[in-house]
Amino acid sequence: MEAVAARAGVSRATVSRVVNGGTGVRDAVRERVRRAVDELGYVPNSAARSLVTRRTGAVAVVIGEPETRVFSDPFFGRQLRGISRELSAADTQLLLLFVQHRDDHARIGRYLAAGHVDGALMFSLHDGDPLPAMAERCQLPTVYGGRPDWPGADRAPRPLFVDTDNRDGARQAVRHLLDRGRRRIAVITGPLDQTSALDRLDGYRDALGVADPDPRLIADGGFTAEGGERAMARLLAAAPDLDAVFVCSDLMASGALRTLRAQGRRVPGDVAVVGYDDLEPAAWADPPLTTVRQDVEEMGRLMARLLLRRLGAGPEAGEELAPVITAARLVVRESS
């Protein structure tokens with residue numbers, strides 16, 4: 001910093017203000033300092049900077065799933081891409097943390113409380129997950145992916161979150177099947193300790209107009225391809241007369257299609273299939289999958305943008321913040 005100050009003909013304090021984005025420096029002087037920084041190849045010491053700014057320039061992305069699940073499901077890759085692009089544009093680093101075992105909650109909680117990051121983005125959390133309470137206790141700015149449903153989540157100030165309208169998306173899917181003349185419509189859900197799976201099951205019930213559908217038509221596929229394959233087999237064994245299935249993720253739908261082919265059921269002739277997400281594999285499926293589109297990458301961007309605004313680092317910093325719920329839209333292809 002002394003060398004930059006000497007090269008630019010200014011004080012160390014002026015160099016510090018320019019490098020750290022401070023105010024009160026004339027444009028001509030700011031440009032002179034930046035030119036000196038480039039010429040000398042100066043890189044600020046992040047540890048020293050954090051002592052002054054009390055910021056680390058890093059955000060934790062906490063995914064409540066084991067790494068094997070995250071790296072095998074294109075949903076997570078798409079969401080992380082949106083998060084990464086938004087954080088990179090704000091010169092903020094991404095630190096990825098997984099919940100491999102229940103013991104990891106304590107480890108992650110300690111890390112978040114120790115001041116290593118400025119804030120956190122958390123998603124794919126399950127009922128009873130202690131991480132939201134840990135973040136609240138250490139007053140860590142946090143934005144959640146998915147509608148929060150833990151005790152106290154409805155108290156002011158309400159948690160910031162980004163979600164899609166899962167219930168309406170499910171209604172669109174099942175109404176589409178009803179409009180196509182299907183009457184024995186099954187559903188393959190995700191884990192019912194997650195609000196996205198609960199909301200999609202509620203949308204299924206809404207569209208059918210019954211509070212308690214035939215339990216033989218409901219199976220949990222765990223949001224995995226293998227789970228969808230097994231759930232479809234259970235449904236066919238319990239209700240062989242089913243003529244449609246709403247599958248609450250495209251990944252599970254890929255497994256369901258495998259089971260239907262293996263058992264000689266034609267799609268959509270014998271069984272119509274609708275998925276959820278509209279990720280790339282939906283269009284590549286055989287037949288191409290009718291599905292409910294949620295813009296997963298944009299949801300990742302919105303999560304990061306909300307957090308940056310909460311930290312006062314985004315272009316809209318200072319505005320009043322509120323949860324964001326994006327629209328879901330049915331995309332009709334050959335499977336229905």
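Residues numbered from 1 in each chain as written. Predicted model: local features only at pLDDT ≥ 70, side-chain atom pairs only at ≥ 80, totals over all residues. Heavy atoms only, no water.

**Describing unusual backbone geometry**
Moving on, step 1. Residue Pro268 is bonded to the preceding Val267 through a cis peptide linkage, with omega at 5°.
Moving on, step 2. Cis geometry marks the peptide bond from Asp286 to Pro287, where omega comes out at 0°.
Moving on, step 3. Within the fold, Pro287 resides in the loop between helix H13 (280–284) and strand S10 (290–293).
Moving on, step 4. Although it is not a glycine, Asp91 adopts a positive phi angle of roughly 55°.
Moving on, step 5. Summarising the element assignment, Asp91 is placed in the loop between helix H6 (74–89) and strand S2 (93–98).
Moving on, step 6. You can call Asp91 exposed: its relative accessible area is 60%.
Moving on, step 7. In this model, Ser124 sits at a positive phi of 60°, which is unusual for a non-glycine residue.
Moving on, step 8. Along the polypeptide, Ser124 turns up in the loop between strand S3 (119–123) and helix H8 (131–137).
Moving on, step 9. For Ser124, a relative accessible area of 13% corresponds to the buried category. (Helix = DSSP H or I, 4+ residues; strand = E, 2+ residues; numbered from the N terminus. Buried < 20%, exposed > 50% of the residue type's maximum accessible area, 1.4 Å probe, protein only.)

**Topic: the pairing of strand S6 (residues 185–189)**
Moving on, step 1. Among the five residues in S6, five count as buried, and that is most of the element.
Moving on, step 2. Bridge count for S6 against strand S7 (residues 218–220) is three bridges, and the pairing is parallel. Within S7, the position partnered with Thr189 by the bridge is Asp220.
Moving on, step 3. Following the backbone out of S6, through helix H10 (residues 195–208) and into the adjacent parallel S7, one traces a crossover that is right-handed. (Pairing = 2+ DSSP bridges. Right-handed = clockwise from strand over helix to strand, strands pointing away.)

**A word on the packing of aromatic side chains**
Moving on, step 1. Applying the stated criterion across every chain yields a total of five aromatic pairs.
Moving on, step 2. A ring pair is formed by Phe76 and Phe123, whose centres lie 6.2 Å apart and whose planes are at 20°; its orientation type is stacked. Residue Phe76 is located in helix H6, and its partner Phe123 is located in strand S3; the two are separated by 47 residues in the primary sequence. Per residue, the accessibility class of Phe76 equals that of Phe123, and both read buried. (Phe/Tyr/Trp six-rings, centres within 6.5 Å; stacked < 30°, edge-to-face > 60°.)

**A short note on the packing of helix H11 (residues 225–238) against helix H12 (residues 250–262)**
Moving on, step 1. At their nearest, the axes of H11 and H12 sit 6 Å apart, and the two run at 45° to each other. Relative to H12, the element H11 is oriented oblique. Crossing handedness for the pair H11 and H12: right-handed. In this structure, H11 uses Ala225, Glu226, Gly228, Glu229, Met232, Ala233 and Leu236 to contact H12, whose residues at the interface are Leu251, Met252, Ser254, Gly255, Ala256, Arg258, Thr259 and Leu260.
Moving on, step 2. Split by residue class, the contact of H11 with H12 holds eight nonpolar, four polar and three charged. (Axes fitted to C-alpha atoms, helices over the stretch in contact; angles between N-to-C directions. Parallel < 35°, antiparallel > 145°, perpendicular 65-115°, else oblique. Left-handed = near helix turned anticlockwise from the far one by under 90°. Contact = heavy atoms within 4.5 Å. Nonpolar A, V, L, I, M, F, W, Y, C, P; charged D, E, K, R; others polar.)

Keep in mind these values describe shape, not function.
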